[in-house]
Every structure is written in C-alpha cells, then in structure tokens.
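Remarks on the overall topology
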Amino acid sequence: MTDTLTNLVNQGIGKKIAVQLGLPRPTILRRYEPGQPLVEGSIAVGGIPVDGAAPNIAALQSILTEAKAVHVRATADTTYDGKLAGVVFDASDARTLDQLEQLRAVLGPALKALGKNGRLVMLGTPPAELNDSEAAATQQALDGITRSLGKEMRAGGTANLLWVAQDAHGDQAVLDAPVRFLLSSRSAYVSGQPIRVLAAPAGASVDPHAPLTGQVAVITGAARGIGAQIARVFARAGADVIAVDVPAAGDALATIANEIGGTALQLDVTAVDAGQRIAAAVSRRGGTLDVMVHNAGITRDKLFVNTDAARWGSVLDVNLRSQFRMNKVLLDPATEGGLRDGGRIVSVASISGIGGNRGQSNYAASKAGVIGMVRQLSQELAPRNITVNAVAPGFIETEMTARIPVATREVGRRLNSLLQGGQPVDVAEAIAFFAEPGACGVTGQVLRVCGQSQLGA
C-alpha cells in the first residue's frame, strides 16, 4: 500500500510545507537492488581498546575490504571528511563501566558524521558468558545504548547489536554475513535489534549477491503478500524455489512461480501428509531440501471471550501445529527429499507474539508458540548444524494492513523509529539472511522487522 505522507514530504512543495509545520518526515529508505554496493560511502571502524586491538577489528576490516567498502579508523580525535555510510564499533572486550566513556567519546563524532540511511553495527559479548558482574553489566549496557541510538537515528538510520560468543571472536567466517546484512540496504527496516552469533563450521564461500545459488527452498504461503515477496527474493538470491499455497490460491501461486522460474505446489499445510508431499516435490527436483520457510498463516480475530473453538483451533493449526507436523517428516534423516544436515528452517512469527494484540489472542498464541519452537528446536538440531530462526514482522504494508481503519493504520505505521510501515520485501530480506550459508553461526534467534516499533516488548 502507498504511504502518501512519506511520498509527500520528500518532494517539492510537500517537503517545504512539512519543514515549516514541523511535520514528521519519514525518509525514503534505501533498499537492495541487484548489483548494489554494500554501502555508498565510507565506514568508520573503532573499538575498545581504542588502540585498534579489539578482538573483531581485523575480521571487520577484512570483511569491509572484500566488500570494496572504504573504511577509516574511528577515534575520539578523528575528523571525518564528508558523510559516513556507517559505523562499526567492537565493544566485545569492554569489561568496565569506565570503558563506556571511551565508547561515548569515539562513537559521538562518528554518529554525527552519519549520512542518510546510515548504519551503526555494535559488537558485544553475551553477558551470560562473563563471570564478573561489572563485566556483565558493561556488556548489557551495550543493549541499552544500541536501542537508544536506534531511536535517535535520523534520516532512515538504523542501529543494531551483534552478541558475538567469545569462541567466535575474530572469526570472519561467522561474522561476514551478519555484518554485511546489517550494513546493507537489505536491513532497511531492522533497527534496535540484537542478534547472537555463535561459533560454527564455516560455510562455503558464496557470491554475496547470490548467496543461495544452487539451493532448494520451500516457501509456504507463497501465493501473495509477504510470501510472494519471499519467493522473489530467494529466486533473486539464486535459489530453486518450490512455492506452496492452498489450491484456492492456485492461479496466484502459478503466477508467482512462473515469474521466478520456480515450481508451484498446491498444498494445504494442515494436511496430514503435507510434509511427505513437500519432500516428494523436492525429491522430484533431484536433491535434498536446503531451506524450509514456514510462512503460511491466517488470522481469525475476535476478543478472547468471543472466540469459539473453530477460530481458536484453525489459527493454531495453520500457524503452528502444521509446522510441527511438517518438520517431523522433513527432519527425519530417512525422508528422501528431507532437510539436509546444515540446512535452514526459518519461521514467520509476529510482534503480536511478543507484545500481544487486542482481539488476537489466538494469533498471538500461535506466533509466540513459533518463537518457543524456534528457540528449543535450534538447540535440538545444533549437532546437525541445522539453524532455526524466526522473523517477527511489525507493521508491514500489505493488503491486510490496508484494510485497517485509517486512524488506527496511521498510528501503527508511525509508531516506530523510522516513522513508517515496512514493505514485504523487508521481511523477505531478513528471512533470506537467515537462509544464507554464511549465517551458520546464527540460530535460535527472533529478529523483529518492525523499524524498532514502540508496540510490544
């Protein structure tokens, strides 16, 4: 759906009026296009200790060099020529509260120099890994700092945090994909979010513009909306897509499958044999499954006290129980066409599953359940190097949100740090990131794609 305000205040007379009246001016976000450079401008790189010896600095510099991104050293005394495209700060060795002053002194000038759609990527160490209370407090402070900076960013800027496990410090192989994603335009609507990065076996080297080349991906609910956009992004990234949706959406499903050169599979995900039919479709393509995206979902909104068994059960069955049934089949090593070891499962949750939503207790239950499933299943499947993650969309401009009354829609759309709703492609880009071979160290995570929404937890 068109965001009239965003378009109006970014051009001509509308821009002048907005400035004079002090109206909110959402920035038109930079989004990914094939062949686009990682960033448009230089990146400031700093850390603690400030002498350049922070544990991830060398890896970060290598990542930026390979991405052909100009990078400069960030210190408290650095003077920046022109606008920066981003700032990367490695605070993973900070152990004392006094060192937070060093962070402030270095980051302040760099953030002042950030240009439009600028990026801040902070690196820290998970506080739970530290035995010293001041060290843990110092690291936890990074979370508050990053979330606050996300709310202070201007002109489409974002700020995010990577919790890098100590045994992954300095490991370029596991840092590369998360750092690139957060610096790039693919994370346009992701801000104020922490992502944990663990040590993991290095994935194969891939073209960052086509990281899913040669991989087979199944995407449910792919006929329209967010699902169709997931299919497009996966195809753009090189994946062989099997697009799944109910027979009633057959025409739309065929259209998207033809558009991307994929395969349409008409299937109700609640069918008892859904997993077997997906595996059979993969097997017919002559291989195993690399990525399973559980996107299919429905809503049947009512206040809890007015929700009958049918509304309650159908939402839980489509949005959650079906995933358990399909996963059981696809994760069985004996299933021909099942998910291979080292594969990916990505589920679509919702901020309703985090913060709840009036009239959506059944939907919120199903999406919170997805989050619980992802966190537990990621641990169970770690020995097989299968990662399991979820994306939780906030206000996304879709046919569904277009039906929300205007006033309610405007509140939902503006109540976030980026002052606008996200696009389906923003959700798709986050899911594709989780599916990348380079995201091998990211598992059990729930990434909110919500522009740092003020709604929910």
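Anyway, here's the lowdown on the structure attached to this text.

Rules behind the numbers
- Residues numbered from 1 in each chain as written.
- Predicted model: local features only at pLDDT ≥ 70, side-chain atom pairs only at ≥ 80, totals over all residues.
- Heavy atoms only, no water.
- Helix = DSSP H or I, 4+ residues; strand = E, 2+ residues; numbered from the N terminus.
- Rg over C-alpha atoms; globule rule 2.2 N^0.38 Å.
- Buried < 20%, exposed > 50% of the residue type's maximum accessible area, 1.4 Å probe, protein only.
- Contact = heavy atoms within 4.5 Å.
- Lys, Arg positive; Asp, Glu negative; His and termini not counted.
- Charge placed at Lys NZ, Arg CZ, Asp CG, Glu CD.
- Phe/Tyr/Trp six-rings, centres within 6.5 Å; stacked < 30°, edge-to-face > 60°.
- Expected span 1.5 Å × (residues − 1).
- Pairing = 2+ DSSP bridges.
- Patch = residues over 30% accessible without salt bridge, like charges linked within 9 Å, V, L, I, M, F, W, Y side chains within 5 Å.
- Areas by Shrake-Rupley, 256 points an atom, 1.4 Å probe, with all protein chains shown as cover.
- Salt bridge = Lys/Arg side-chain N within 4 Å of Asp/Glu carboxyl O.
- Polar contact = N/O pair within 3.5 Å; in protein donor to acceptor, adjacent residues only side chain to side chain.
- Axes fitted to C-alpha atoms, helices over the stretch in contact; angles between N-to-C directions.

**Notes on the overall build of the protein chain**
- Of regular secondary structure, the protein chain possesses 15 helices and 13 strands.
- Here the C-alpha atoms of the protein chain give a radius of gyration of 22 Å, agreeing with the 23 Å that 2.2 N^0.38 yields for 457 residues.
- For the protein chain, the residues scored as buried account for 56% of the 457 residues in total.
- Considering only contacts in the protein chain between residues 6 or more positions apart, those separated by 24 or more positions represent 76%.
- Mean positive and mean negative side-chain charge positions of the protein chain (42 and 40 charges, respectively) differ by 8 Å.

**A short note on the packing of aromatic side chains**
- Going through the model one piece at a time under the given rule, you end up with 3 aromatic pairs.
- Ring centres of Phe-181 and Phe-433 lie 4.5 Å apart, and the angle between their planes is 5 degrees; on these two criteria the pair is classed as stacked. Taken together, the positions of Phe-181 in helix α6 (residues 172-183) and Phe-433 in helix α15 (residues 424-435) put the pair 252 residues apart, joining distant regions of the chain.
- Relative accessible area serves as the criterion here: at 0%, Phe-433 is assigned to the buried category.
- Both rings, one in Phe-433 and one in Phe-434, keep their centres 5.4 Å apart while their planes meet at 35 degrees; by these two values the pair is tilted. Across the pair, Phe-434 and Phe-433 agree in class, each one buried.

**A short note on α6**
- Under the 1.5 Å per step criterion, the end-to-end length of α6 is 15 Å for 12 residues, consistent within 8% with the ideal 16 Å.
- In terms of burial, α6 is a largely internal element, 10 of the 12 residues being buried.
- Listed in full, the buried residues belonging to α6 are Val-174, Leu-175, Asp-176, Ala-177, Pro-178, Val-179, Arg-180, Phe-181, Leu-182 and Leu-183.

**Quick word on the pairing of strand β1 (residues 42-47)**
- The buried fraction of β1 amounts to 6 of the 6 residues, a majority that puts the element mostly inside the structure.
- Residues Ser-42, Ala-44 and Gly-46 of β1 are buried on one face, and the alternating residues Ile-43, Val-45 and Gly-47, pointing to the opposite face, are buried as well.
- The pairing of β1 with strand β3 (residues 84-90) spans 6 bridges and is classified as parallel. In the sheet register, Val-45 faces β3, and the bridge partner there is Val-88.
- Bridge count for β1 against strand β2 (residues 71-73) is 3 bridges, and the pairing is parallel. Residue pairing in the sheet places Ala-44 in a bridge with Val-72 of β2.

**Quick word on unusual backbone geometry**
- At the junction of Ile-48 and Pro-49, the peptide bond is cis and its omega measures out at 5 degrees in the coordinates.
- Positionally, Pro-49 belongs in the loop between β1 and α3 (57-66).
- Positioned with a positive phi, Lys-68 is a non-glycine residue whose angle comes to about 60 degrees.
- Following the sequence through the fold, Lys-68 ends up in the loop between α3 and β2.
- Within the chain, Leu-419 stands out as a residue other than glycine whose phi angle is a positive 60 degrees.
- Note that Leu-419 resides in the loop between α14 (406-414) and α15.

**Here's the deal with a nonpolar patch on the surface**
- The grouping of Leu-303, Phe-304, Val-305 and Trp-312 at the surface amounts to a nonpolar patch, some 420 Å² of accessible area in total.
- Along the chain, Val-305 falls in the loop between β10 (289-294) and α10 (309-330).
- What makes Val-305 exposed here is its relative accessible area of 71%.

**Structural notes on the pattern of salt bridges**
- Overall, the coordinates contain 15 salt bridges when judged by the stated rule.
- When the shortest N-O distance is used, the salt bridge between Arg-321 and Asp-317 registers 3.7 Å. Of the two residues, Arg-321 and Asp-317 are both situated in helix α10; the distance of 4 residues between them amounts to about one turn of the helix.
- Across the pair Arg-325 and Asp-317 runs a salt bridge, and its minimum N-O distance is 3.1 Å.
- Taking relative accessible area as the criterion, Arg-325 reaches 26% and is therefore assigned partly exposed.
- Taken together, the shared-partner salt bridges in this structure form one network comprising Asp-317, Arg-321 and Arg-325.

**Brief notes about the environment of Glu-336**
- Mapped onto the elements, Glu-336 comes out in the loop between α10 and β11 (339-348).
- Considered as a pair, Glu-336 and Arg-284 are 52 residues apart in the sequence and their alpha carbons are 9.8 Å apart.
- Setting aside chain neighbours within four positions, we find Glu-336 in contact with Ala-279 and Ser-283.
- A polar atom in the side chain of Glu-336 sits 3.0 Å from the side chain of Ser-283.

**Side note on the sheet that holds strand β12 (residues 387-393)**
- The strand order across the open sheet formed by 7 strands is β9-β8-β7-β10-β11-β12-β13, and the pairing between neighbours is parallel. Edge positions in the sheet fall to β9 (263-266) and β13 (446-449), since each of these pairs with one other strand and no more. Adjacent strand axes in the sheet meet at a mean angle of 20 degrees when their direction is disregarded.
- One ladder, built from 5 bridges, connects β11 with β12; its direction is parallel. Directly across from Arg-344, in β12, lies its bridge partner Thr-387.
- Here helix α9 (residues 274-284) sits on the sheet in contact with β7 (216-220), β8 (240-245), β9 and β10, set at roughly 160 degrees to β9.

**Some thoughts on the environment of Met-153**
- Within the element layout of this structure, Met-153 appears in the loop between α5 (133-152) and β5 (158-164).
- Once the C-alpha coordinates of Met-153 and Lys-112 are considered, the two residues, 41 residues apart in sequence, prove to be 9.8 Å apart.
- When sequence neighbours within four positions are dropped, the list of residues in contact with Met-153 reads Leu-111, Leu-114, Leu-120, Thr-158 and Ala-159.

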